[in-house]
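One letter stands for each residue in the lines below.
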2 protein chains.
Amino acid sequence: MAMDGYRGFLALLVSALLVGFLSVIFTLIWVLHYREGLGWDGTGLEFNWHPVLLVTGFVFIQGIAIIVYRLPWTWKCSKLLMKSIHAGLNAVAAILAIIALVAAFDFHNAMNIPNMYSLHSWIGLAAVVFYILQLVLGFLVFLLPFAPLSLRAFLLPIHVYSGLLIFGTVIATALTGITEKLIFALKSTGYSSFLPEGIFANTLGLLILVFGALIFWIVTRPQWKRPKEPTSVLLQPNGGSTEGVVGARAVNLDNNGDKSDSELNNEVAARKRNFTLEDAGQRSTM
Amino acid sequence: MAMDGYRGFLALLVSALLVGFLSVIFTLIWVLHYREGLGWDGTGLEFNWHPVLLVTGFVFIQGIAIIVYRLPWTWKCSKLLMKSIHAGLNAVAAILAIIALVAAFDFHNAMNIPNMYSLHSWIGLAAVVFYILQLVLGFLVFLLPFAPLSLRAFLLPIHVYSGLLIFGTVIATALTGITEKLIFALKSTGYSSFLPEGIFANTLGLLILVFGALIFWIVTRPQWKRPKEPTSVLLQPNGGSTEGVVGARAVNLDNNGDKSDSELNNEVAARKRNFTLEDAGQRSTM
């Protein structure tokens, strides 16, 4: 587990986990202590699931999903496993985000408040739609074994860029949501008189921003990237569950498990091609 | 001017300029047509300079400053010149941002509205403070010829990361500012009844977000990076106004203009060391 700056990585990871966890706790305290609490009845109690689920799923879990490849103790796990964890965490976040939207729409409808009039709602809905698109496209292209390597290499930098853009947009949307809610709940005079709830929720906004900043730092350090597996692994029949092998297996689907030398050579060639393409991709992944 | 995907770069640059320019125009239309207009008298007219100056300086000009090294027709210009342009644009943006803050504080004070109670104000002030720190530190370390190359190499990835983080934070802050202003100005019932001003300013928010997304795409494509100058340039006595030479000149300040062979060799060595360090730095710059 040789890693350049392992202690620095650990310190940042622990900070990110702490700040992310604290954001979730702060959101819970906000709705349970300062607001009406939680429920599912069309009132403010149902609306309160909106920030709780979004900060938990769309901020915290999405943030962890983004850096999951960077955890050095997972580098011995197969790429396929790590992709599944990445996709799984993002799927959980997507489900929580959808429930959170339902909570907000339910509340609006029950209270006869119009939907989709605010900048918060426009950007937030766009983020959820793009997030689901990203999830489905990512699943089809990177997790299923059918996409050609050239397509994967072409889409990888776009996938990485879109992911980080959506994550940043989600954080910005959270800040507009906190702003909206505080002005509505405290009225502008309550907010501007430094009520404890205003200061508390402002602090939550800062925590979410700092969490985003930590995730961005961790994910953009090239020295903390998951290293490419040595080609030799490939020569062990069951050693490779990486893209290249998956790709080669897809090609060789009509063969049985035993591999001839020439099949192995094909795999090695596919792997090598994949390395180059992945390299081209990764060069573009910030 | 060989560049990988030059047409793609141009298309994105033109889009970014267009969307950024449109954001400024939208902000002007917002304050001139939908709001009271512009003035400097402590009323809403003075406040209106706040969004105009911030979208112009802190969003548009800062965005251009971020991608200025990526313009291929500037690659024949010296690095020192490009750094000066980068610093100059950021200095202009900082001045506009400070005037914009004064406009908001003046308005609050004249209207007896408290200052610094909102999440928008907290994050916005933090962004301005970090932006000025970044500007001063960048000037001292990267533009003045005194900082050792090791310090430059150490700080460059932090400078790039901080710059992009501040830019993203500024965009998020703009979205909270639009949200606040619309709720205050239209009251929440006016905003939620889809008044034209609400839809117009929401669209401004989307434009600002798209501008940010375009700048982030342009600045994170490795193939659009300013190429490192060939070492041979260095052997022409006046050929190098890049970091390495500036560093070497700083060392040789007590010499006159004529360079001995050994001085040239020193320069070459400094340049080579610089290349390596710069390379180390640039690997970390996303």
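Higher on the page you've got the structure.
Let us look at the structure shown here. Just so you know, the residues in each chain are numbered from 1, in the order the chain's sequence is written. A letter from A marks each chain and a number from 1 marks each ligand, given out in the order of writing. In keeping with the model being predicted, local features are shown solely for residues with a pLDDT of at least 70 and side-chain atom pairs are shown and tallied solely at 80 or more, while totals for entire chains, interfaces and linings include all residues. Processing note: side-chain calculations cover all non-hydrogen atoms of the structure and skip hydrogens and water entirely.

## Some words on the overall build of chain A
Then, in step 1: Scanning chain A for helices and strands turns up 9 helices and 0 strands.
Then, in step 2: Numbering of helices and strands runs from the N terminus, with a helix taken as a DSSP run of H or I at least four residues long and a strand as a DSSP run of E at least two residues long. Counted from the first residue to the last, chain A has its helices and strands arranged as α-α-α-α-α-α-α-α-α.
Then, in step 3: Residue pairs in contact within chain A that sit at least 24 positions apart in sequence constitute 76% of those at least 6 positions apart.
Then, in step 4: When the accessible area of chain A is evaluated, it comes to approximately 12500 Å², of which 70% is carbon and sulfur surface. Contact between two residues is taken to exist if any of their heavy atoms lie within 4.5 Å; hydrogens are not considered. Using a 1.4 Å probe, the Shrake-Rupley method yields the accessible areas, and only the shown protein chains count as cover for residues.

## Regarding the relation of the copies chain A and chain B
Then, in step 1: You can overlay chain A on chain B at an RMSD of 0.0 Å; the transform is a turn of 180° with a shift of 0.0 Å along its axis. The superposition operator between the copies reduces to a two-fold rotation axis. The copies were overlaid by least squares, fitting only the C-alpha atoms of residues that reach a pLDDT of 70 or more in each copy.

## Some points on unusual backbone geometry
Residues and elements named next belong to chain B.
Then, in step 1: With a phi close to 55°, Asn112 is a non-glycine residue in the positive phi region.
Then, in step 2: Tracing the backbone through its elements, the reader meets Asn112 in the loop between helix H4 (79–110) and helix H5 (119–143).
Then, in step 3: For Met116, which is not glycine, the phi dihedral falls at a positive 60°.
Then, in step 4: Mapping Met116 onto the fold places it in the loop between H4 and H5.

## A few points about the pattern of salt bridges
All names here are of chain A.
Then, in step 1: Put simply, a salt bridge is a Lys or Arg side-chain nitrogen that is within 4 Å of an Asp or Glu carboxyl oxygen. Under the counting rule described, the total for this entry stands at 4 salt bridges over all chains.
Then, in step 2: Glu36 is the salt-bridge partner of Arg35, the closest N and O atoms lying 3.6 Å from each other.
Then, in step 3: By relative accessible area, Glu36 is classed as partly exposed at 42%.
Then, in step 4: With a closest N to O distance of 2.7 Å, Glu197 and Arg35 form a salt bridge. Of this pair, Glu197 sits in helix H7 (residues 196–219) while Arg35 sits in the loop between helix H1 (6–34) and helix H2 (44–47), placing them 162 residues apart in sequence. Partly exposed residues are those whose accessible area sits between 20% and 50% of the maximum for their type, while under 20% is buried and over 50% is exposed, using a 1.4 Å probe and protein chains only.

## Details of the interface of chain A and chain B
Then, in step 1: Listed as interface residues are 42 residues of chain A and, on the opposing side, 42 residues of chain B.
Then, in step 2: Overall, the association of chain A and chain B removes approximately 3700 Å² of surface from exposure, summing both partners, and the carbon and sulfur fraction of that is 77%.
Then, in step 3: Where chain A touches chain B, the interface holds 0 salt bridges.
Then, in step 4: Here a polar contact is taken to be a pair of N or O atoms separated by no more than 3.5 Å, where protein atoms must pair a possible hydrogen donor with a possible acceptor and residues adjacent in sequence count only if both atoms sit in side chains. Counting every contact that joins chain A to chain B gives 8 residue pairs in polar contact (both at pLDDT 80 or more).
Then, in step 5: Elements with a contribution of two residues or more to the side of chain A that touches chain B: helix H5 (119–143), helix H6 (149–192) and H7 of chain A.
Then, in step 6: For the side of chain A that touches chain B, the leading source of residues is H6(A), giving 16 residues.
Then, in step 7: Looking at the side of chain A that touches chain B residue by residue, the class counts come to 26 nonpolar, 13 polar and 3 charged. Buried area is calculated as the accessible area (1.4 Å probe) missing from two parts once they are joined, with the contributions of both summed. Amino acid classes used here: Ala, Val, Leu, Ile, Met, Phe, Trp, Tyr, Cys and Pro are nonpolar; Asp, Glu, Lys and Arg are charged; the rest, including Gly, are polar.

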